[in-house]
Structure formats: structure tokens, C-alpha cells
Amino acid sequence: MELRTRRHKFTLAVAALAMAAAGTVGAVGTSAAPAEAAGRCVDYNYSQGGYSSCIGYIQQLVNYHTGAGLAVDNNFGPKTRSAVIRVQSIFRLTADGIVGPRTWNIICYPQKGPGPIPGFPYAAARAAGCSI
């Protein structure tokens, strides 16, 4: 009986080691935010109270469009909401403070003509999933 228990423990240990090497241990019971899991921020809506790297990209893009001077802290707080509402008002969108498809469509692009536009955060736009 003792030999069988040792074999069972050994088999479990080897299986756990194999799973850890494959990267599956640790994934059980944890999950990334939807946007990070999918890799495209532009496929999701963001609003006040959220926290993710995607919100940092929103902050960079909104800073470009409004000059809001938001701290890029990945936190969708009241200042970020106000800056998003300002962008939405400028571009005649529903000013609700929610970054959804129509708002993404505005902030993803420089809105100032073709070619590289100085100051536009191209890296943030690409990281967010904008097709720029």
C-alpha cells in the first residue's frame, strides 16, 4: 500500500511539473481583464472605475486630442471621464464618458490629415488595437 501511495504522489508531482512547464499552472482560477486577454482594447468599452493598461492608452490618446494633461496611470477616474466627455463633445458624439466604438474611432486617429502627425501617440494607438 505504501509503494502505491508513493507512486501516486510521484505521478502527481511529475504531472504538476509538466503543467508548470507548459504554463498551465497558475492560469487556473485567474484571468486577465477582457481587453488584455484578447489583446485589443478597441474591442471593449471603458468607463469610470476601470483600471487597465488599455485605459493608459485612452489617457494618452485623449491627452493628444484635448491637451488635458492627464497622468497616464491606467486608472479611469473622474479627470479621465471629464477629458473623454470633452473629446466626445468636440466631435459631436454622445457625451457620456464611456469609451465605446464611436469614441475609439475618433481617438484612434490624429484627425488632422494624412501622414505622420507630430505629437500623436502612434505607439499607444497601435497598442490599443487601432488600425493606424
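Provided above is the structure to which this section pertains.
Below is a short write-up of the structure. This is a predicted model, so every value here is computed, not measured.

Comments concerning unusual backbone geometry
- Phi at Asn74 takes a positive value of approximately 65°, unusual for a residue other than glycine.
- With respect to the helices and strands, the residue Asn74 is situated in the loop between helix 3 (53–66) and helix 4 (78–90).
- With phi around 55°, Arg92 is a residue other than glycine that occupies positive phi space.
- Of note, Arg92 is situated in the loop between helix 4 and helix 5 (101–107).

A closer look at helix 4
- For helix 4, spanning 13 residues, the distance from its first C-alpha to its last is 18 Å, which sits close to the expected 18 Å at 1.5 Å a residue.
- Along its buried surface, helix 4 packs onto helix 3 and helix 5.
- Arg92 sits one or two residues past helix 4 and shows a positive phi near 55°.

Here's the deal with the pattern of salt bridges
- Taken as a whole and judged by the stated rule, the model has one salt bridge.
- A salt bridge links Arg40 to Asp43, with the nearest nitrogen and oxygen atoms 2.9 Å apart.
- Overall, Arg40 belongs to the partly exposed group, its relative accessible area being 38%.

Considerations on the packing of aromatic side chains
- By the definition in use, this model includes three aromatic pairs.
- Both rings, one in Tyr46 and one in Trp104, keep their centres 6.2 Å apart while their planes meet at 80°; by these two values the pair is edge-to-face. In this pair, Tyr46 is assigned in the loop between helix 2 (34–38) and helix 3 and Trp104 in helix 5, connecting sequence segments 58 residues apart. Summarising the burial analysis for this pair, Tyr46 and Trp104 share the class buried.
- Relative to Tyr122, the ring of Phe120 has its centre 4.8 Å away and its plane inclined at 70°; by these criteria the two rings are edge-to-face.

The rules behind the values
Residues numbered from 1 in each chain as written. Predicted model: local features only at pLDDT ≥ 70, side-chain atom pairs only at ≥ 80, totals over all residues. Heavy atoms only, no water. Helix = DSSP H or I, 4+ residues; strand = E, 2+ residues; numbered from the N terminus. Expected span 1.5 Å × (residues − 1). Contact = heavy atoms within 4.5 Å. Salt bridge = Lys/Arg side-chain N within 4 Å of Asp/Glu carboxyl O. Buried < 20%, exposed > 50% of the residue type's maximum accessible area, 1.4 Å probe, protein only. Phe/Tyr/Trp six-rings, centres within 6.5 Å; stacked < 30°, edge-to-face > 60°.

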